[in-house]
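What follows is each chain in one-letter form.
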Amino acid sequence: MKTEILKMLRETEDYISGQQICERLDVSRTAVWKVIRQLQDEGYQIEAVRNRGYRIVDIPDVMTREELESRMRTEWAGRNVFYYPETDSTNLRIRQLGDEGAPHGTLAVADMQTAGRGRRGRIWESPAGSSIYMSLLLRPDLLPGTAPALTLVMACSVAEGIMDCEDVKVQIKWPNDVIINGKKLVGILTEMSSQVDYIDHVVIGVGINVNMTGFPENIRETATSLRIETGHKVKRAPLIAAVMKRFEENYEIFLQTGDMSGLAEKYSRMLVNIGREVLVIGAKEPYKAYALGIDRDGELLVRREDGAEEKVYAGEVSVRGVYGYV
Ligand code: BTN
């Protein structure tokens with residue numbers, strides 16, 4: 001009921017009467033009033049005027065289940081939300097929910113993580129009140145080898161979702177960092193539970209630096225936040241809803257071929273590495289090459305200095321600019 005009332009309040013520019021809410025939801029006036037009080041306690045500014053009804057004046061920066069579910073404009077992505085004011089890692093929460101049978105599209109969101117995980121065993125800084133930490137559960141009917149490309153689908157969707165909400169230009173650093181003005185804004189960590197020929201579930205974890213105003217010493221040079229880049233505070237729930245909307249659309253395109261064919265062009269357009277000299281760092285000696293774009297499997301195509309073209313596999317190597325992070 002709270003989700004429905006929130007939706008009605010947000011969709012009505014003027015006042016909405018208690019009577020209208022009661023009739024639409026088939027509940028009592030007292031029940032409606034109780035929910036309004038709860039919302040006010042959570043920080044929503046709702047005016048209650050005799051003979052006119054209720055009007056929402058300000059929405060706090062909260063990511064509760066009701067706030068998120070009332071904003072989703074999707075069929076399945078982010079339709080079933082679990083919100084944690086504090087948890088160890090949303091990837092771990094979703095993995096557990098996946099094992100317990102949660103449906104495709106279930107989304108875990110936290111305000112703070114005590115054991116936020118990055119790629120290559122790194123820690124993901126996860127302080128309270130300033131960022132988005134979320135993980136999406138997928139149950140794709142695909143072979144396990146295709147799962148890594150889903151990370152690229154998410155990178156594309158996060159980049160588009162951010163640009164839908166804010167007047168900024170974000171780019172992708174292959175394979176899945178979303179960057180702005182050469183600094184990292186988003187990290188994505190994909191994990192999979194599978195058999196040899198069968199995916200049980202995939203967890204795509206996304207960390208977006210939204211309102212952080214500073215970073216620890218070791219990442220100060222390479223990390224940034226939307227607040228730093230735009231100069232204003234950004235509300236997190238609309239951003240999550242925008243990313244879910246884009247992800248659902250892009251995932252359907254991905255499923256048509258089971259690879260990046262349908263998304264490679266728009267992904268490559270957002271790729272910061274394209275046409276640039278990059279340093280390919282892998283198991284063998286690092287080497288310099290020019291980045292050409294991605295192929296249908298999401299691998300980076302590069303041209304080595306001797307003219308030979310090669311594919312770079314995301315699982316095996318990392319790529320960075322010759323002069324630094326980008
Ligand atoms: C990276 O190293 O770039 C990936 C960072 C991924 C961080 C996100 S935050 C939400 C989810 N939960 C985690 O513990 N990690 C991912």
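A. Just the site of the ligand, in detail. In the region of the ligand, 20 residues are neighbours, and Ser89, Gln113, Arg117, Arg119 and Lys184 sit closest. Between arginine 117 and the ligand, the recorded distance is 2.7 Å, taken from a backbone N or O atom to an oxygen atom. Arginine 119 is positioned such that a nitrogen or oxygen atom in its backbone is 2.7 Å from an oxygen atom of the ligand. Within the complex, 99% of the 420 Å² of free accessible area of the ligand lies under protein. Cavity membership is defined here by more than half of the atoms lying within 2 Å of grid points; on that basis the ligand lies in the largest pocket. Of all elements in the fold, only helix H5 (90-99), strand E5 (131-138), strand E8 (183-195) and strand E9 (198-209) reach the threshold of two or more residues within the shell around the ligand. Element by element, the count of residues in the shell around the ligand is highest for E8, at four residues. Here the residues of the shell around the ligand are counted per class, giving six nonpolar, 10 polar and four charged.

B. Expanded view of the domain arrangement of the protein. Under the domain assignment, the protein is made up of domain 1 (2-58), domain 2 (65-269) and domain 3 (277-321). The C-alpha centroid of domain 3 is placed 24 Å from the C-alpha centroid of domain 2. Each partner contributes residues to the interface: domain 2 has 12 residues there, and domain 3 has 15 residues. Contact between domain 2 and domain 3 buries roughly 950 Å² in total, counting both sides, with carbon and sulfur atoms accounting for 63%. It is Arg120, Trp174 and Asp259 that lose the most area in domain 2 upon contact with domain 3, and together they represent 54% of the buried surface on that side. Here domain 2 is connected to domain 3 by one salt bridge. Its salt-bridge partner being arginine 296, residue aspartate 259 comes within 3.5 Å of it at the nearest N-O pair.

C. Examining the environment of valine 234 more closely. Position of valine 234 among the secondary structure elements: in the loop between helix H7 (226-230) and helix H8 (236-257). The spacing of valine 234 and leucine 142 is 92 residues in sequence and 36 Å in space, taken between C-alpha atoms. Excluding residues that lie within four positions of it along the chain, valine 234 makes contacts with Asp61, Glu166, Val210, Asn211, Leu226 and Leu239.

D. Focus on the pattern of salt bridges. Scanning the model with the defined rule gives 26 salt bridges in all. Residue arginine 71 is joined to glutamate 67 by a salt bridge in which the shortest nitrogen-to-oxygen separation is 2.6 Å. Taken together, the residues arginine 71 and glutamate 67, both in helix H4 (residues 65-71) and four residues apart, mark about one turn of the helix. Comparing arginine 71 with glutamate 67 shows no difference in burial state: the two are buried. Residues joined in a network through salt bridges with shared partners are Glu160, Asp164, Arg246 and Lys266.

E. Fine view of the side chain of arginine 236. Tracing the backbone shows arginine 236 in helix H8. The exposure class of arginine 236 is buried, given its relative accessible area of 3%. There is a polar contact of 3.1 Å between the side chain of arginine 236 and the backbone oxygen of serine 131. What arginine 236 contacts, discounting residues up to four positions off in sequence, is Asp61, Met63, Asp111, Gly129, Ser130, Ser131, Ile132 and Val210.

F. Summary view of the nonpolar core. Within the largest apolar cluster, 66 residues are counted, with the highest numbers of intra-cluster contacts made by Met154, Ile162, Ile240 and Met244. Take this core: its biggest share by element is 11 residues, from helix H6 (residues 147-165). Split by domain, the residues of this core number at least three in each of domain 2 (65-269) and domain 3 (277-321). If near-sequence neighbours (up to four positions away) are discounted, methionine 244 is found in contact with Met72, Thr74, Ala77, Gly78, Leu107, Met134, Leu136 and Met154. Grouped together as the second largest cluster of nonpolar side chains are 17 residues, Ile21, Leu39, Ile59 and Val62 included.

G. Here's a closer look at the layout of surface pockets. Looking at the largest pocket, its volume works out to about 930 Å³. Lining the largest pocket are 41 residues; nearest its centre among them are Arg122, Trp124, Asp177, Lys184 and Ile219. Mapped by element, the contributors of at least two residues to the lining of the largest pocket are H5, E5, E8, E9 and strand E14 (318-321). Per-class residue counts for the lining of the largest pocket are 18 nonpolar, 13 polar and 10 charged. Counting contributing residues per domain, the lining of the largest pocket is built from domain 2 (65-269) and domain 3 (277-321), each supplying no fewer than three.

About the thresholds
- Numbering of residues begins from 1 in every chain and follows the order in which that chain's sequence is written.
- Side-chain atom pairs in this predicted model are given and counted only at pLDDT of 80 or more, local residue features only at pLDDT of at least 70, and totals for whole chains, interfaces and linings cover all residues.
- As a rule here, side-chain values come from all non-hydrogen atoms in the structure, and water together with hydrogens is ignored.
- Note on terminology: near, applied to a residue and a molecule or strand, indicates that one of the residue's heavy atoms is within 4 Å of it.
- Polar contacts, as used here, are pairs of N or O atoms within 3.5 Å; protein pairs need one atom able to donate a hydrogen and one able to accept it. Residues neighboring in sequence count only if both atoms are side-chain atoms.
- In short, Shrake-Rupley with a 1.4 Å probe defines the accessible areas, and a residue's cover is counted only from the protein chains shown.
- A pocket, in this scheme, is an open set of points on a 1 Å grid over the protein atoms alone with protein on both sides within 12 Å along at least 5 of 7 lines, while a cavity is a set where a 1.4 Å probe fits but cannot get out; residues line either one if an atom lies within 4 Å of a point.
- Being in a pocket or cavity means that more than half of the molecule's atoms lie within 2 Å of its grid points.
- Numbering goes from the N terminus for both helices and strands, where a helix is a DSSP run of H or I of at least four residues and a strand is a run of E of at least two.
- Throughout, the ten residues Ala, Val, Leu, Ile, Met, Phe, Trp, Tyr, Cys and Pro are labelled nonpolar, Asp, Glu, Lys and Arg are labelled charged, and all others, Gly among them, are labelled polar.
- Where each domain starts and ends comes from a domain assignment, either automatic or drawn from a database.
- In what follows, residue pairs with any heavy atoms lying within 4.5 Å of each other are defined as contacts.
- Accessible area that two parts lose when put together, with a 1.4 Å probe and added across both, is what the buried area reports.
- Salt bridge criterion: a side-chain nitrogen from Lys or Arg within 4 Å of a carboxyl oxygen from Asp or Glu.
- Only protein chains enter the area calculation, which uses a 1.4 Å probe; residues under 20% of their type maximum are buried, those over 50% are exposed, and those in between are partly exposed.
- By nonpolar core is meant a set of buried Ala, Val, Leu, Ile, Met, Phe, Trp, Tyr and Cys residues that side-chain atoms within 4.5 Å join together.
- Grid points are joined across faces, edges and corners, and a volume is the space filled by probe spheres set on the points.

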